[in-house]
Amino acid sequence: MKIIFGVLLPIALLLISEVQSQRRRPDKPTKPPRRTTRPPPPRTPRPPILPSEPEEPTDLPPPLPPGPPSIFPDCPRECYCPHDFPDALYCDSRNLRQIPTIPSRIQYLYLQNNFISELAEEPFKNATDLKWINLDNNRIKKVEKKFLEKLNNLLFLYLEKNNLQEVPASLPQNLEQLRLSRNQITKIPPGVFSKLENLVLLDLHHNKLSDGALKKDTFKGLKNLVQLNLAHNILRKMPPGVPQSIHQLFLDRNNIEDIPTNYFDDFSDLAFIRLNFNQLSDEGVPQNTFNLSSLMVLQLSNNRLNQVPFFGPKLEHLYVNNNQIQSINATKLCPYPIEAIDISGEDQARVPRLRYLRLDGNALAPPIPLDLMMCFRLLHSIIF
């Protein structure tokens, strides 16, 4: 028994020491665990930057929807061709930047309220029968010379409210109405109206015309002109060389200070004069300036007049409101001696024709002068 114990004891001690030596060995280094990271979210591609559209005017109506399918194969898709009006083309208020090709059958063309900036020859190369073109309220700055040269049948040209700086050249000779108001016109090229014998209406109001832009021969050639509108410009003098055929002359809202003596003597048909909102004074209006046998309407409101100017017996409407008038000498103003006026009305030739008179906005005190009523017996409306 002792022998067995003695044999086993050394073996047990050997095993114990071996186990302890196994525990003291350092563990093999281990790799750190990998961190699991989420992939970044995919980047959303940015849309490409497109060139910005021009700023649209706020006073234009919204574009019209496309018209119904046309029975005319040559009708531009962005316009409307009514079947019951085959010679008309409606391209107005459609946000057009360019003019489409105009069919040769068209005589009446409507292109107003768009964003057209240039008038070129190409779209009109076949449209030689055009009589009426409306291009109001666009952005037209340039008009090609050849665009107008071929339009020999054109009668009405509307270019109001654009960006023109001068009157277009090579205007069609048969033109009857030319409307160029509300542009930026400062220049009228020499001879631009010289061949327009049929023109009856020339509208240049709301531009930037000064005295230097109007020469003695500027309106030469306008033998049949009926209406000339130069209102809302920056004129300080009466325009020279106005055609003697004129019936209506509009010069209100300028800075005109005086009227030359005998300025209106050769105007045998002048019936309507408008000189409101100027700087006219008594010194700037010679005594018989408005004593015209043809004159029917005279507007002189918002000037600096101290007296009512003398006028002819056939005048029917007189506006002298908003001046500096303090008194009225109707005996002096009456075109005939008051005692010679036919009270019965049988002799109409001896009765002044004045029917409407505005005197408000002056320094006049009531009552209305009796001699005024005695002279102008047809007067039925007085604003005092």
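Residues numbered from 1 in each chain as written. Predicted model: local features only at pLDDT ≥ 70, side-chain atom pairs only at ≥ 80, totals over all residues. Heavy atoms only, no water.

**With respect to the overall build of the protein chain**
Point 1. Looking only at helices and strands, the protein chain features four helices and 15 strands.
Point 2. Buried positions account for 41% of the 384 residues belonging to the protein chain.
Point 3. Counting only contacts in the protein chain whose residues sit at least 6 apart along the sequence, the fraction spanning at least 24 positions is 45%.
Point 4. When the accessible surface of the protein chain is summed, it comes to about 22,800 Å², and 53% of that surface belongs to carbon and sulfur atoms. (Helix = DSSP H or I, 4+ residues; strand = E, 2+ residues; numbered from the N terminus. Buried < 20%, exposed > 50% of the residue type's maximum accessible area, 1.4 Å probe, protein only. Contact = heavy atoms within 4.5 Å. Areas by Shrake-Rupley, 256 points an atom, 1.4 Å probe, with all protein chains shown as cover.)

**Points about the pattern of salt bridges**
Point 1. Enumeration over the complete set of coordinates arrives at eight salt bridges.
Point 2. A salt bridge links E121 to K150, with the shortest nitrogen-to-oxygen separation between them at 2.8 Å. Within this pair, whereas E121 is found in the loop between β3 (118-119) and β4 (132-134), its partner K150 is found in the loop between α2 (145-149) and β6 (156-158), the two being separated by 29 residues in sequence.
Point 3. Under the relative-accessibility criterion, E121 is labelled partly exposed at 21%.
Point 4. Taking relative accessible area as the criterion, K150 reaches 41% and is therefore assigned partly exposed.
Point 5. Between K223 and E197 there is a salt bridge, and its shortest N-O distance comes to 3.8 Å. One end of the pair, K223, is in the loop between β8 (201-203) and β9 (227-229); the other, E197, is in the loop between β7 (177-179) and β8, with 26 residues separating them in the sequence. (Salt bridge = Lys/Arg side-chain N within 4 Å of Asp/Glu carboxyl O.)

**A word on a nonpolar patch on the surface**
Point 1. Judged by side-chain polarity, I368, L370, M373, M374 and F384 come together as a nonpolar surface patch covering roughly 430 Å² of accessible area.
Point 2. Inspection of the secondary structure puts I368 in the loop between β14 (356-358) and α4 (370-375). (Patch = residues over 30% accessible without salt bridge, like charges linked within 9 Å, V, L, I, M, F, W, Y side chains within 5 Å.)

**Some remarks on the nonpolar core**
Point 1. Judged by nonpolar contacts, the single largest core of 92 residues is most densely connected at I133, F193, L202, F264, L275 and F290.
Point 2. For this core, the secondary structure elements donating two or more residues are α2, α3 (330-333) and α4.
Point 3. Those residues in contact with L202 that lie beyond four places of it in its chain are L178, F193, F219, L222, L225, Q227, L228 and N229. (Core = buried A, V, L, I, M, F, W, Y, C linked by side-chain atoms within 4.5 Å.)

**Concerning the layout of surface pockets**
Point 1. Approximately 430 Å³ is the volume attributed to the largest pocket.
Point 2. The wall of the largest pocket is formed by 19 residues, among which Q307, V308, P309, F310 and K332 lie closest to the centre.
Point 3. Here the residues of the lining of the largest pocket are counted per class, giving nine nonpolar, eight polar and two charged.
Point 4. Space inside the second largest pocket adds up to approximately 230 Å³.
Point 5. The wall of the second largest pocket is formed by 13 residues, among which S170, L171, P172, Q173 and K195 lie closest to the centre.
Point 6. Along the lines of polarity and charge, the residues of the lining of the second largest pocket split into five nonpolar, six polar and two charged. (1 Å grid on protein atoms, 1.4 Å probe; cavity = no way out; pocket = protein on both sides within 12 Å on 5 of 7 lines; lining within 4 Å. Points joined across faces, edges and corners; volume = space filled by probe spheres on them. Nonpolar A, V, L, I, M, F, W, Y, C, P; charged D, E, K, R; others polar.)

**A closer look at empty space enclosed by the protein**
Point 1. Inspection of the entire model under this criterion finds one cavity of 30 Å³ or more.
Point 2. Every residue along the wall of the largest cavity is listed here: V308, F311, L318, I328, L333, L354, L357, L359, L372 and F376.

**Quick look at the side chain of D136**
Point 1. Along the chain, the position of D136 falls in the loop between β4 and β5 (142-143).
Point 2. One buried charge, D136, has no salt-bridge partner; the nearest side chain with opposite charge is R179, at 7.1 Å.
Point 3. Sequence-distant contacts of D136, defined by excluding residues within four places in its chain, comprise Q112, N113, Y158, L159, E160 and N162. (Lys, Arg positive; Asp, Glu negative; His and termini not counted.)

**What to know about the environment of Y356**
Point 1. Structurally, the position occupied by Y356 is in strand β14.
Point 2. Judged by relative accessible area, Y356 falls into the buried class, the value being 18%.
Point 3. As for Y356 and L379, which are separated by 23 residues in sequence, their C-alpha atoms are 6.0 Å apart.
Point 4. For Y356, the residues in contact, after removing those within four places along its chain, are E316, H317, L318, Y319, L379, S381 and I383.

**Here's the deal with the confidence of the model for the protein chain**
Point 1. Summarising the model, the protein chain shows a mean pLDDT of 87, and 81% of its residues fall at 70 or more.
Point 2. Under a pLDDT of 50 for its full length, residues 1-5 has, in the predicted model, zero contacts with residues more than four places off or in other chains.
Point 3. In the model, residues 50-54 has pLDDT below 50 throughout and makes three contacts with residues more than four positions away in sequence or in other chains. (pLDDT = per-residue confidence, 0-100.)

**With respect to the state of the cysteines**
Point 1. For the structure on display, the rule yields three disulfides.
Point 2. A sulfur-sulfur separation of 2.0 Å characterises the disulfide bridge that pairs C79 with C91. The sign of the 110° torsion about the S-S bond sets the C79-C91 disulfide as right-handed. Pair noted here: C79 is in the loop between α1 (2-24) and β1 (88-90) and C91 is in the loop between β1 and β2 (108-110), with a separation of twelve residues, a long-range link. Taken individually, C79 and C91 each receive the classification buried, so the pair is uniform in this respect.
Point 3. When the cysteines of the protein chain that form disulfides are numbered from the N-terminus onward, they connect as 1-3, 2-4, 5-6. (Disulfide = S-S within 2.5 Å.)

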